[in-house]
Amino acid sequence: MWRVSTLLILAFGLGLLYIIFAFLICIAVYYGVIKMIKMWSGCSDKEATAKLKRFINGTPNYKFEEDIGLQNEIWENVKKIIGEKRFQQLINLSTTAINTPLFFSGVEGILPFIGVAVYYTDNNEKQILENLIVNVARKYLHIYGYDTAVLVVWKERYDLMMPFLQIRYARNEEERKTLAIGIRNQRQIISIHNSSIKDDTEDDEIDE
């Protein structure tokens with residue numbers, strides 16, 4: 001009886017050691033794969049982890065700017081704001097655009113960006129469109145393991161004579177530093193502009 005108990009304890013101990021050993025091997029393999037992904041793509045730990053998770057889950061490894069889900073969700077939100085009729089006009093315009101579609105991507109300086117060309121009727125609608133589009137972009141940046149900080153600017157599509165929202169983002173440390181400088185400069189410009197408006201208002205009140 002004693003021998004049987006001893007053998008059972010030894011078997012349990014060996015089984016537990018095997019499980020611990022296998023667990024440690026899995027951890028080592030996991031971090032080894034993460035390191036290889038970083039070496040191949042030059043991405044951060046967070047982004048490499050996101051790539052591996054998408055691979056394990058069977059999710060296609062699109063680039064952020066090429067993700068169909070990102071584009072569809074942006075246009076779905078745009079449609080809710082501008083309505084069916086105006087959205088159909090956008091679709092018609094997009095199908096006839098020769099050079100660049102209404103959703104496009106590129107690089108400005110060293111920062112990658114996505115652009116969404118859309119008309120708005122007033123500043124209120126402009127701000128709502130901006131908020132919705134930026135929120136969707138940040139959601140997908142998080143999914144891809146990127147920093148969710150963005151530099152947002154409205155610009156003009158001269159080929160179509162229409163406004164577009166440019167969203168610049170960062171994929172690595174160098175780009176993050178450049179993006180941080182851009183965001184800081186933008187905030188300073190907005191602050192100076194607001195101060196100027198406030199001063200002009202106070203001068204008008206004094207004149208009265």
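The rules behind the values
Counting of residues starts from 1 at the beginning of each chain's written sequence and follows it residue by residue. Local features are withheld for residues below a pLDDT of 70 in this predicted model, meaning they are given only at 70 or higher, and side-chain atom pairs are given and counted only at 80 or more; totals for whole chains, interfaces and linings count all residues. Calculation of side-chain values draws on the structure's entire complement of heavy atoms; hydrogens and water are dropped beforehand. Between any two strands, at least two bridges found by DSSP are needed for them to pair. In this text, helices come from DSSP runs of H or I with a minimum length of four residues, and strands from runs of E with a minimum of two, each type numbered from the N-terminal end. In this scheme Phe, Tyr and Trp rings, the latter by its six-membered ring, pair at centre separations within 6.5 Å, and the angle between planes marks the pair as stacked below 30 degrees, edge-to-face above 60, and tilted otherwise. Residue exposure (1.4 Å probe, protein chains only): buried if accessible area is under 20% of the type maximum, exposed if over 50%, otherwise partly exposed. Axis lines are fitted through C-alpha atoms, for helices just across the contact stretch, and the angle between N-to-C directions can take any value from 0 to 180 degrees. Each nonpolar core is a collection of buried residues, namely Ala, Val, Leu, Ile, Met, Phe, Trp, Tyr and Cys, held together in the definition by side-chain atoms within 4.5 Å. We call two residues contacting when some pair of their heavy atoms lies within 4.5 Å. Think of a polar contact as two N or O atoms within 3.5 Å of one another; within protein, one of them needs to be a possible hydrogen donor and the other a possible acceptor, and neighboring residues in sequence only count if both atoms come from side chains. Only one rule defines a salt bridge in this text: a Lys or Arg side-chain nitrogen within 4 Å of an Asp or Glu carboxyl oxygen.

1. Describing the pairing of strand 3 (residues 151-157)
Now for step 1: With seven bridges joining them, strand 3 and strand 4 (residues 162-168) adopt antiparallel strand pairing. Among the inter-strand pairings, W154 is bridged to a residue of strand 4, identified as L165.
Now for step 2: The loop that links strand 3 with its antiparallel partner strand 4 comprises four residues; one of these, M161, has a positive phi angle of about 55°.

2. Points about the packing of aromatic side chains
For any pair of aromatic rings, the description consists of the separation of the ring centres together with the inter-plane angle of the planes.
Now for step 1: Evaluation of the coordinates by the stated rule reveals eight aromatic pairs.
Now for step 2: Measuring from ring centre to ring centre gives 4.8 Å for F64 and Y169, while their planes differ by 70°; the resulting arrangement is edge-to-face. One end of the pair, F64, is in the loop between helix 2 (45-56) and helix 3 (68-96); the other, Y169, is in the loop between strand 4 and helix 5 (173-207), with 105 residues separating them in the sequence.
Now for step 3: According to the relative accessible area criterion, F64 is buried, its value standing at 1%.

3. Some points on the sheet that holds strand 1 (residues 103-108)
Now for step 1: One open sheet accounts for four strands, arranged 1-2-4-3; its pairing is antiparallel. Either end of the sheet is taken by a strand with one partner, and the two such strands are strand 1 and strand 3. Geometrically, the sheet is characterised by an average inter-axis angle of 30° between neighbouring strands, direction not taken into account.
Now for step 2: Here strand 1 runs beside strand 2 (residues 111-117); their pairing, made up of six bridges, is antiparallel. Looking at strand 2, one finds that S105 is bridged to I114.

4. Structural notes on the nonpolar core
Now for step 1: Ranked by internal contacts, the top residues of the largest apolar core, which has 34 residues, are F64, I74, V78 and I114.
Now for step 2: Those elements that provide at least two residues to this core are helix 3, strand 1, strand 2, helix 4 (123-143), strand 3 and strand 4.
Now for step 3: Beyond its immediate stretch of four places on either side in the chain, V78 contacts F87, L90, V118, L129 and I133.

5. Notes on the environment of K155
Now for step 1: Structurally, K155 can be placed in strand 3.
Now for step 2: As a C-alpha pair, K155 and L165 span ten residues in sequence and 6.3 Å in three-dimensional space.
Now for step 3: Side chain to side chain, K155 and E108 meet in a polar contact 2.9 Å long.

6. Looking at the pattern of salt bridges
Now for step 1: Under the criterion given, the structure shown has eight salt bridges.
Now for step 2: Residue E84 pairs with K79 through a salt bridge whose shortest N-O separation is 3.1 Å.
Now for step 3: Assessed through its relative accessible area of 33%, K79 is described here as partly exposed.

From the geometry alone we can't say anything about function, so treat these as descriptive.
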